[in-house]
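Breakdown of the fold
If you want the building blocks of each chain, they are given just below.
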Amino acid sequence: MAWPAEGTVKHEPFRLWRDGVTQGLLADFLECRQKCMYRMMGFEPAGETSKALVVGSAIHDALEKARRRLRPGAVLSDGEAEGIVSALEVVEAAEGRVTEHSAYAWTLAWALLQPYFQFYCVDDRKIEWVELEGEFCVEQDVFPYANFCFRGKFDGVFRSRGSKLWLLETKTRSIVDGEGLSESVGFNHQVMFYLNALKMMSGEMPGGVLYDVIKKPALRVKKSETLQEFGCRVRRDATENPDKYFFRFEVPVDAGAMAIYRLELRGLLEDFVLWYEEGCWPHYRRTAACLGKFGRCKYLRMCDTGSSDGYTRKKQFKYEELGG
Ligand code: SF4
């Protein structure tokens, strides 16, 4: 399949010079080239199929909106938590993105939002925040043979004890493997991509990452209760036992790990740019990724049937992680 020439198609796909790359796009390329190509062509399923992803995004979106609205260290009132989640539900419905898991996901997001800010309000007041939920677009300096940007959004950036810059990275997990997160940080593509962008933008070597983990509840909806009653039960449990739900831990990163990451990233970009310039060919299927850690790949139906029925296509490629 040849990559469509500019201006020749109704749907304008990804353009490297215009859209740059995010860590998510490169992660898709590493995971399965077919998946990366579908994404670059702007295909989206009518509803997300993975429950874990729907829940994770709802919690992440609610936190993002609250962080944008509140002063760091503030607590959320009942009305604010409800208002934030309802506004996000309205947007989701207006954009036709409601899934079979949406109601459950928004219930959990609502249940955890207030206890999260309550738990961290004292710590967050002491942190010297540089920015929260800031988007970046920085001309890359890793692969010198092509001009394009690195793009993304920081959950948070702060200065630790008046010296180095640190990254706040929020994760939602069912099982928290803190040791694994610490041990893999030096070659964790997502975190190192952001730390490298932070280094490029600030000219300073960052200190590392503060993982901000939200553990999904072990509680399940009982047959005898409504979703709303379940949400109240989770909220009560998270308020009374915040240590079961919220964890933060620092993982430092040094200049040596950053230098090695940049070499690895250069190799990855070389592969990616060559593939893109060859018209995204070959876009072979990597079947080990069809049923991944977040459930089934959202393009499984398309790969199975060869048809795009049930998928929408964006008029112009936009990164969904940047609000596209
Ligand atoms: S279903 Fe499997 S082969 Fe198809 S795009 Fe997804 S991961 Fe790749």
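Residues numbered from 1 in each chain as written. Predicted model: local features only at pLDDT ≥ 70, side-chain atom pairs only at ≥ 80, totals over all residues.

Remarks on the pairing of strand E5 (residues 208-215)
As defined by bridge partners, strand E4 (residues 165-173) adjoins E5 across 8 bridges and the pair is classed as parallel. Considered in E5, the bridge of Trp166 is made with Gly208. (Pairing = 2+ DSSP bridges. Helix = DSSP H or I, 4+ residues; strand = E, 2+ residues; numbered from the N terminus.)

Some details on helix H9 (residues 227-240)
Here H9 contains 14 residues, and its C-alpha end-to-end distance of 20 Å stays within 8% of the 20 Å for a straight helix at 1.5 Å per residue. Burial in H9 covers these residues: Gly231, Val234, Arg235 and Ala238. End-on view of H9: buried residues confined to an arc of 100°, all on one side of the axis. Structural note: H9 exposes Arg236 and Glu240 on the side pointing more than 90 degrees away from its buried face. Along its buried surface, H9 packs onto helix H6 (102-126). (Expected span 1.5 Å × (residues − 1). Buried ≥ 20, exposed ≤ 12 C-beta atoms within 10 Å, placed from the backbone. Arc of directions from axis to C-beta. Contact = placed C-beta atoms within 7 Å.)

Regarding the sheet that holds strand E6 (residues 246-252)
Pairing is mixed across the open sheet formed by 5 strands, whose spatial order is E2-E3-E4-E5-E6. Each having just a single partner strand, strand E2 (128-139) and E6 make up the two edges of the open sheet. Across the sheet, the axes of successive neighbouring strands diverge by a mean angle of 35°, strand direction being ignored. The pairing of E2 with strand E3 (residues 149-159) spans 10 bridges and is antiparallel. Of the residues in E3, the one forming a bridge with Glu131 is Val157. Sheet strands touched by helix H8 (residues 189-202): E2, E3, E4 and E5. Its angle to E4, the strand with the most contacts, is close to 155°. (Axes fitted to C-alpha atoms, helices over the stretch in contact; angles between N-to-C directions.)

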